[in-house]
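For reference, the chains in residue letters:
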Amino acid sequence: MSVKGRVKWVEGMQFVGSMEDGGCSIILGDGGISPMRLLLLSVAGCTAYDVVMILKKMREPIEGLEVEISGERREEYPKVYTRVHIHYRIYGNVKEEKARRAIELSQDKYCSASAQVKLSGAELTYSLEIVRGDDEAMMSKSVAER
């Protein structure tokens, strides 16, 4: 499968990136996002997509999902990520074991962006929080970490 995109220098240290097949454009650098931060968001978006898709296929009552991601980078060049942590906050009366299974499938099989980061040598960990309708007074309940 071939994918093509283009990044065009606008001025100063501002660039606009777009994919050949259209869709949205993104501002990189000044006034936009750094490529390395975009890489983190790509990992979060990739795994979020997987988890929602898998939980829906499992017929779990997912009502919402938030994925928070953080990364630590080397001090020397190239400043690659050495550690990445993903926190999944799933809303709805989703079973803990199903949520954990969906995350594991995403991380171990489906999410190409996570695989790319892991192949660079980064340690990738995650935690899971499920916010159920009856938990809302407590806000959330932490249920798993890996």
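Bear in mind that the values here come from a model prediction, so they are computed numbers and not experimental data.

## Digging into the overall build of the chain
Line of reasoning, step 1. When helices and strands are counted, the chain shows three helices and seven strands.
Line of reasoning, step 2. Counting from the amino terminus, helix and strand elements in the chain follow one another as β-β-β-α-β-β-α-α-β-β.
Line of reasoning, step 3. Along the longest, intermediate and shortest principal axes, the C-alpha atoms of the chain span 50 × 35 × 35 Å.
Line of reasoning, step 4. By residue count, 33% of the 146 residues in the chain fall in the buried class.
Line of reasoning, step 5. Summing over all exposed atoms, the chain offers an accessible surface of approximately 9,500 Å²; the carbon and sulfur share of this is 52%.

## Things to note about the nonpolar core
Line of reasoning, step 1. In terms of nonpolar packing, the biggest core is built from 26 residues, with Val84, Ile86 and Ile90 touching the most fellow members.
Line of reasoning, step 2. Counting only elements with at least two residues in this core, the list comes to helix 1 (35-57), strand 4 (62-73), strand 5 (81-92), helix 2 (96-110), helix 3 (112-119) and strand 6 (123-131).
Line of reasoning, step 3. A per-element tally of this core places helix 1 first, with six residues.
Line of reasoning, step 4. Not counting residues up to four positions away in its chain, the partners in contact with isoleucine 90 are Val51, Leu55, Ile62, Gly64, Leu65, Ala99, Leu128, Glu129, Ile130 and Val131.

## As for a nonpolar patch on the surface
Line of reasoning, step 1. Side chains of Met1, Val3 and Met19 sit close together on the surface and give an oily, nonpolar patch of about 410 Å² of accessible area.
Line of reasoning, step 2. For valine 3, the location among the structural elements is in the segment before strand 1 (5-11).
Line of reasoning, step 3. A relative accessible area of 59% places valine 3 in the exposed class.

## Description of the pairing of strand 6
Line of reasoning, step 1. With seven of nine residues buried, strand 6 is to be regarded as a mostly interior element.
Line of reasoning, step 2. Here strand 5 runs beside strand 6; their pairing, made up of nine bridges, is parallel. If you follow isoleucine 90 over to strand 6, its bridge partner there is isoleucine 130.

## What to know about the pattern of salt bridges
Line of reasoning, step 1. The final tally for this structure, using the stated rule, is seven salt bridges.
Line of reasoning, step 2. Notably, a salt bridge pairs glutamate 66 with arginine 89, separated by 2.7 Å at the nearest N-O pair. You can see glutamate 66 sitting in strand 4 and its partner arginine 89 sitting in strand 5, a full 23 residues away along the chain.
Line of reasoning, step 3. Residue classification places glutamate 66 among the partly exposed positions, given a relative accessible area of 36%.
Line of reasoning, step 4. Judged by its relative accessible area of 15%, arginine 89 falls in the buried class.
Line of reasoning, step 5. With its nearest N and O atoms 2.9 Å apart, the salt bridge here joins glutamate 68 to arginine 89. On the criterion of sequence distance, the pair formed by glutamate 68 in strand 4 and arginine 89 in strand 5 is long-range, its members being 21 residues apart.
Line of reasoning, step 6. Salt bridges sharing common partners tie together Glu66, Glu68, Arg89 and Glu129.

Conventions used here
Residues numbered from 1 in each chain as written. Predicted model: local features only at pLDDT ≥ 70, side-chain atom pairs only at ≥ 80, totals over all residues. Heavy atoms only, no water. Helix = DSSP H or I, 4+ residues; strand = E, 2+ residues; numbered from the N terminus. Buried < 20%, exposed > 50% of the residue type's maximum accessible area, 1.4 Å probe, protein only. Areas by Shrake-Rupley, 256 points an atom, 1.4 Å probe, with all protein chains shown as cover. Core = buried A, V, L, I, M, F, W, Y, C linked by side-chain atoms within 4.5 Å. Contact = heavy atoms within 4.5 Å. Patch = residues over 30% accessible without salt bridge, like charges linked within 9 Å, V, L, I, M, F, W, Y side chains within 5 Å. Salt bridge = Lys/Arg side-chain N within 4 Å of Asp/Glu carboxyl O. Pairing = 2+ DSSP bridges.

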